Amino acid sequence: MSVGATTSAPLSPASDTSMVTSAFSLVDYVVFILLLVLSLAIGLYHACRGWGRHTVGRLLMADRQMGCFPVALSLLATFQSAVAILGVPSEIYRFGTQYWFLGCSYFLGLLIPAHIFIPVFYRLHLTSAYEYLELRFNKIVRVCGTVTFIFQMVIYMGVVLYVPSLALNAVTGFDPWLSVLTLGIVCTLYTALGGLKAVIWTDVFQTLIMILGQLTVIIVGSAKVGGFGHVWDVASQHGYISGIELDPDPFVRHTFWTLAIGGIFMMLSLFGVNQAQVQRYLSSRTEKAAILSCYAVFPCQQLVLCISCLIGLVMFAYYKEYPISIQQSQAAPDQFVLYFVMDLLKGLPGLPGLFVACIFSGCLSTISSAFNSLATVTMEDLIRPWYPQLSEGRAIMISRLLAFGYGLLCLGMAYISSQLGPVLQAAISIFGMVGGPLLGLFCLGIFFPCANPPGAIVGLLAGLIMAFWIGIGNIMTNMGSGTAPSPFNGSSFSLPSNLTTTYMNTLMPSTTRSRPAGLQRLYSLSYLWYSAHNSTTVIVVGLIVSLLTGRMRGRTLNPRTRQVCSYPLCRVRKAFYSTVPTPASMGTWGWSTY
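Note that the coordinates shown come from a computational prediction; the quantities given were computed from them, not determined experimentally.

Visitor: When you look at unusual backbone geometry in this model, what are you seeing that I'm missing?
Guide: Glycine aside, a negative phi is what most residues show, and trans is what most peptide bonds show. For His-125, which is not glycine, the phi torsion reads 55° and is therefore positive. Note that His-125 resides in the loop between helix 5 (106-123) and helix 6 (131-136). Positive phi values are uncommon outside glycine, yet Arg-551 reaches one of about 55°. One can find Arg-551 in the loop between helix 21 (530-548) and helix 22 (568-579).

Below, the structure is given as C-alpha cells:
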C-alpha cells in the first residue's frame, strides 16, 4: 500500500460511547509518582556523591569515564521523546507501515558518525562540538554555530514539554500546567545538581520505563483482539502492510527512497553533530567505547521503531472489533494513542499509570539532555573563551546556574507555545530547519580542506535562509489556503525522525489537495529531504565562496580537524596522487593531506 495514496484515518463508525477519561487508581498514582521520585533520586545521588570534589569536567562531561551501555541508552533516549511515543503509532494507525522503512536509514545514519565524526571529535578532546569550528575555521564561526544551536534547542524545549502535557490533559484530565511544572522542576533539579552523569543514568532508567510501558500496551492489546497473528492479518486485509514504494519523487511525503536516503541525513544531523549526542560520545572512557555505544544504538533504535509501529497496528485491529467514541473520532491524531491506552487498560490498576510514566519518561529524558547540552555550550563557547582565568569553583557555580536558567526558560517557552495557536507549526518547524545547515557546516570543515571561514559563514547563512524560505513558505501557503499539509504533499517539518510524526499528524487533515505547481511545488518538498537539501546548500555555497576568497591561502589547516580515511579506497587515492604530478593548486585543495 502506498502511504501517499491513503487519505483518511481508519476510524470505525463513531458510537455513542462516552469519552474515555482517566480513572486513575491509587496504584496508578503510586506508579507515576515513583517515576518522578526515582528520577530525582538518581540525580541527587550523583549530585551528593563526592560533593565538594566536583569539577567542571565531572559536571559537564562525567569525567569522561562513562561506559558503552549507559551512553548507548542515553543516546537512544535523548530524542525518543513523548511525541515519538504518541506520534509514530498514530502515523501507522492512519497511513499504514510505510514509515517503518525509516529503519533502513539507521545503519548508515549511525555507521557514518561512528567512523567519521566521533574519531575527529574524540581525538581533539572537545567538550563542546562547536569548539571544532574554531579549530577548523575561527572563533566567529564557532560563535555562529553555538548561537544557531541554542536557538534551535530553546524553541524545541518548550514545544516538547507543552504539547504532550496538553494531549495528556485532553484524555486523562491531568492539569497541563501541573504536568509542565512538575516535569520542569524535577528535570531542572537533577540536571543542574547531578550534571551529565545524572542525566545519563536517569536516561537509562527512563528508557527502560518507556520500553516497558509500550510493550505492555502491545501485549495486552494483541491478547484482547486474538493474538498478534490476528493483528497482522487484519492489517494485511485492509492494505495497511505497505510494500516498497520506489517512487523517486522527493515531493511525495513517504517513499522508500525518502525514508531510507533522506532519513540518513536526518540521522546524521542528530547523531553526528548535535551537541546533546556528541557530548555523550565524548563522555566515554575511550574512543572505542564511544564508537561501540554508537553501534549499540542501532539495534536499540530498530527495537524502539518496531515497538512503536506495532502499537499502531494493534490499535488498528482493536478498533476494527471495538467501537470508537465520538470524542476520539474527532480528536487530534496525537491523542489517538492515549485514548486507545486508557480504553485498553481500564480495569487493570497500575498499567495506565505505567503508560503515563512512559510518556513522562520521554519528556524527562529529552529536556534533561537539552538543559545539559545548552549549559555546556554556553559555558564552553560563550563564557570560558572570554574569561579563561575563571576559577573551578566559580565555573561549577555558573554551570549549575546555567542549567537552572535554561530550566526556567523552558517553562517560559512552554507558556509561549500555549499562546502560539496556528503559529505553533512555525515554532515546531524551526528545529528541523536548523539541523541540516549545522550538519553542512561540520561536513564542510571535515571533508573539504579548501573551505575557509568566509565560506563557512556565508554557507551557513545560505543554508538557514534556504531552510526558512522553503519551510516558512510552506507554512504560509497552507495558512493562506486554510489547510494544513496533506499526506501527499508532505510537511515543512524536519524534526528528528522519531519526533516528526506527531506534529505532522496534529496539523494534517484527512483530505487531499491538488498537486501544486511552480514555486508552490518547491514548498511541498518532503520533510525527510530537508536535512539533505539544506546541508548540501551549505556545502555548495561554502565551497564557491571559499574558492572566490582564496581558499585557505595564508591560513594553517590543523590536520587533526580533518577525517583522514584509512579504508582501501582512500589508500588507493593516496597512492595515485603520490605518483601522478599535480598542479600546485591541488595542494591547496588538500589532496596531499591524504
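Alright, that's what it looks like, and here's the rest.
Visitor: Even after reading the chapter, I still don't get the environment of Ser-105, so can you show me in this structure?
Guide: Examined against the element boundaries, Ser-105 turns out to sit in the loop between helix 4 (82-95) and helix 5. Sequence separation of Ser-105 and Met-267 is 162 residues, and the distance between their C-alpha atoms is 7.5 Å. Setting aside anything within four residues of it in sequence, one finds Ser-105 in contact with Leu-259, Ala-260, Gly-263, Ile-264 and Met-267.

Visitor: Just checking my understanding: could you explain the confidence of the model for the chain for this structure?
Guide: Here the chain shows a mean pLDDT of 79. Residues at 70 or above account for 81%. At the level of individual helices and strands, the chain shows its lowest average pLDDT in helix 23 (residues 584-589), which scores 37, and its highest in helix 21, which scores 93. Across residues 1-21 the pLDDT falls below 50, and counting only partners more than four positions away or on other chains, this stretch makes 61 contacts in the model.

Visitor: When you look at the nonpolar core in this model, what are you seeing that I'm missing?
Guide: In globular proteins that are soluble, nonpolar side chains generally tend to be buried together. Counting residues in hydrophobic clusters, the biggest one holds 161 residues, and the most contacted among them are Phe-117, Phe-121, Tyr-132, Phe-340 and Phe-442. Those residues within four positions of Phe-340 in sequence are excluded, and the remaining contacts are Val-217, Val-314, Met-315, Tyr-318, Tyr-319 and Gln-328.

Visitor: When you look at the layout of surface pockets in this model, what are you seeing that I'm missing?
Guide: Which parts of space are left empty comes out when a probe the size of a water molecule is rolled across the atoms. Put simply, the second largest pocket is a space of about 200 Å³. Contributing elements (two or more residues each) for the lining of the second largest pocket: helix 5, helix 10 (256-271), helix 17 (424-447) and helix 21. For the lining of the second largest pocket, a count of residues per class yields ten nonpolar, two polar and no charged.

Visitor: For this particular structure, what's the right way to read the pattern of salt bridges?
Guide: Close approach of charged atoms allows side chains with opposite charge to pair. Throughout the structure, instances matching the rule amount to six salt bridges. For Arg-280, the salt bridge is made with Asp-203, and the minimal N-O distance between the two is 3.7 Å. Note that Arg-280 is positioned in helix 11 (residues 275-282) and Asp-203 in helix 8 (residues 176-224), a separation of 77 residues in sequence. The exposure classification of Arg-280 matches that of Asp-203, with both residues buried. Via salt bridges that share partners, Glu-134, Arg-142 and Asp-381 belong to a single interconnected network.

Visitor: It is not clear to me how the packing of helix 4 against helix 15 (residues 351-383) should be interpreted in this structure. Could you clarify?
Guide: Between two packed helices, what matters for the description is the angle formed by their axes and the separation of those axes. Helix 15 packs onto helix 4 with a crossing angle of 120° between their chain directions and a minimal axis gap of 6 Å. As the angle between them shows, helix 4 and helix 15 are arranged oblique. Touching Ala-82, Ile-85 and Leu-86 of helix 4 are Phe-355, Cys-358, Ile-359, Gly-362 and Cys-363, all from helix 15. Counted by class, the contact of helix 4 with helix 15 contains seven nonpolar, one polar and no charged residues.

Visitor: Would you take a moment to explain the environment of Ile-430 for this structure?
Guide: Relative to the helices and strands, Ile-430 resides in helix 17. Ile-430 gets classed as buried once you look at its relative accessible area, which sits at 11%. Expressed as a C-alpha distance, the spacing of Ile-430 and Tyr-156, which sit 274 residues apart in the sequence, is 8.1 Å. In this structure, Ile-430 is in contact with Phe-151, Ile-155 and Phe-468, ignoring residues within four places of it in sequence.

Visitor: What exactly am I supposed to notice about the packing of aromatic side chains here?
Guide: Aromatic rings in a pair are described by how distant their centres are and how their planes are angled relative to each other. Summed over all chains, the structure comprises 19 aromatic pairs. Pairing Phe-107 with Phe-298 gives two aromatic rings, centres 6.0 Å apart and planes at 75°, and the pair type is edge-to-face. With Phe-107 in helix 5 and Phe-298 in helix 12 (residues 287-321), this pair connects stretches of sequence that are 191 residues apart. Taking the centre distance of 5.3 Å and the plane angle of 70° together, the rings of Tyr-318 and Phe-340 count as edge-to-face. Separated by 22 residues along the polypeptide, Tyr-318 in helix 12 and Phe-340 in helix 14 (residues 336-345) bring together distant segments of the chain. One aromatic cluster is present, built from ring pairs that chain together Tyr-93, Tyr-318, Tyr-319, Tyr-322, Phe-336 and Phe-340. It is Lys-139 that lies over the ring of Trp-386; its NZ or CZ is 5.4 Å from the centre.

What counts as what
Residues numbered from 1 in each chain as written. Predicted model: local features only at pLDDT ≥ 70, side-chain atom pairs only at ≥ 80, totals over all residues. Heavy atoms only, no water. Helix = DSSP H or I, 4+ residues; strand = E, 2+ residues; numbered from the N terminus. Contact = heavy atoms within 4.5 Å. pLDDT = per-residue confidence, 0-100. Core = buried A, V, L, I, M, F, W, Y, C linked by side-chain atoms within 4.5 Å. Buried < 20%, exposed > 50% of the residue type's maximum accessible area, 1.4 Å probe, protein only. 1 Å grid on protein atoms, 1.4 Å probe; cavity = no way out; pocket = protein on both sides within 12 Å on 5 of 7 lines; lining within 4 Å. Points joined across faces, edges and corners; volume = space filled by probe spheres on them. Nonpolar A, V, L, I, M, F, W, Y, C, P; charged D, E, K, R; others polar. Salt bridge = Lys/Arg side-chain N within 4 Å of Asp/Glu carboxyl O. Axes fitted to C-alpha atoms, helices over the stretch in contact; angles between N-to-C directions. Parallel < 35°, antiparallel > 145°, perpendicular 65-115°, else oblique. Phe/Tyr/Trp six-rings, centres within 6.5 Å; stacked < 30°, edge-to-face > 60°. Lys NZ or Arg CZ within 6 Å of the ring centre and 35° of its normal.

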